[in-house]
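Single-letter residue listing:
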Amino acid sequence: MCEWCGAPHGLREGFSVVERPAQALVGRIWDGTYSQAAAGAIVAVLKEVQAFAGARGSALWAGPIVGVSWNERPDGFRTFVGVERDDAKASGAGMVPLDVPALRFATAWHDAGDGDVLDHYEAMLAWMEREGLAWDRRAMHHREEYPLHADFSAAPVLRLMVPVT
């Protein structure tokens, strides 16, 4: 597991705050409904980006697969799923670049036995309120990090992240 995928430091109630540096990513953009996502559309994009990263070998840093989401409408959302890019070899099979700014996040590691991801996000939002943290939606609504070699056919294992001020 990479250093970014490990357990965060300073856990309180299972949550912590972490900083992420600016990143140059390459991947896919998906835009659809919540029902499409629940039916597996996001998993298909995750698998596609995972295969792209694996095919690139050492051309890409072996860090996490990063998902960045924007919940801009009531029936669905837009998400980018990608990996850190090597500018010399960043293109391929319709992949698009995304530059993500440095941000501070409330975070929690979500494992297969932790129940529903949405329930875990709700618990994180309640913790943020207790800690006096505000949800900063200016750059994105959520970030998620998946181990590069995750099994996307199994229960989700990922780092949940909400940008905060």
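To be clear, the structure that these remarks concern was listed above.
Residues numbered from 1 in each chain as written. Predicted model: local features only at pLDDT ≥ 70, side-chain atom pairs only at ≥ 80, totals over all residues. Heavy atoms only, no water.

Colleague: Describe the overall build of the protein, with residues and values.
Modeller: Summing up its helical and strand segments, the protein has three helices and eight strands in all. In sequence order, the protein lays out its α and β elements as β-β-α-α-β-β-β-β-α-β-β. Here the protein holds 165 residues, and 46% of them are scored as buried. Considering only intrachain contacts with a sequence separation of at least 6, the fraction spanning at least 24 residues in the protein is 74%. (Helix = DSSP H or I, 4+ residues; strand = E, 2+ residues; numbered from the N terminus. Buried < 20%, exposed > 50% of the residue type's maximum accessible area, 1.4 Å probe, protein only. Contact = heavy atoms within 4.5 Å.)

Colleague: Summarise helix H2 (residues 41-56); cite the residues concerned and give the values.
Modeller: Its 16 residues place the ends of H2 23 Å apart at the C-alpha level, agreeing with the 22 Å of an ideal helix rising 1.5 Å per residue. Listed in full, the buried residues belonging to H2 are Ile-42, Val-45, Leu-46, Val-49, Phe-52 and Ala-53. Along the axis of H2, the buried positions cluster into a sector of 125°, meaning they face one direction only. Among the exposed residues of H2, those pointing more than 90 degrees away from its buried face are Gly-54 and Ala-55. (Expected span 1.5 Å × (residues − 1). Arc of directions from axis to C-beta.)

Colleague: Residue-level account of the pattern of salt bridges, with values.
Modeller: One pass over the full model with this rule turns up 11 salt bridges. Ionic pairing is found between Asp-136 and Arg-138, a salt bridge with its closest N-O pair at 2.7 Å. Overlapping salt bridges bring together Arg-20, Arg-143, Glu-145 and Arg-159 as one network. (Salt bridge = Lys/Arg side-chain N within 4 Å of Asp/Glu carboxyl O.)

No statement about biological role is implied by the geometric values presented.
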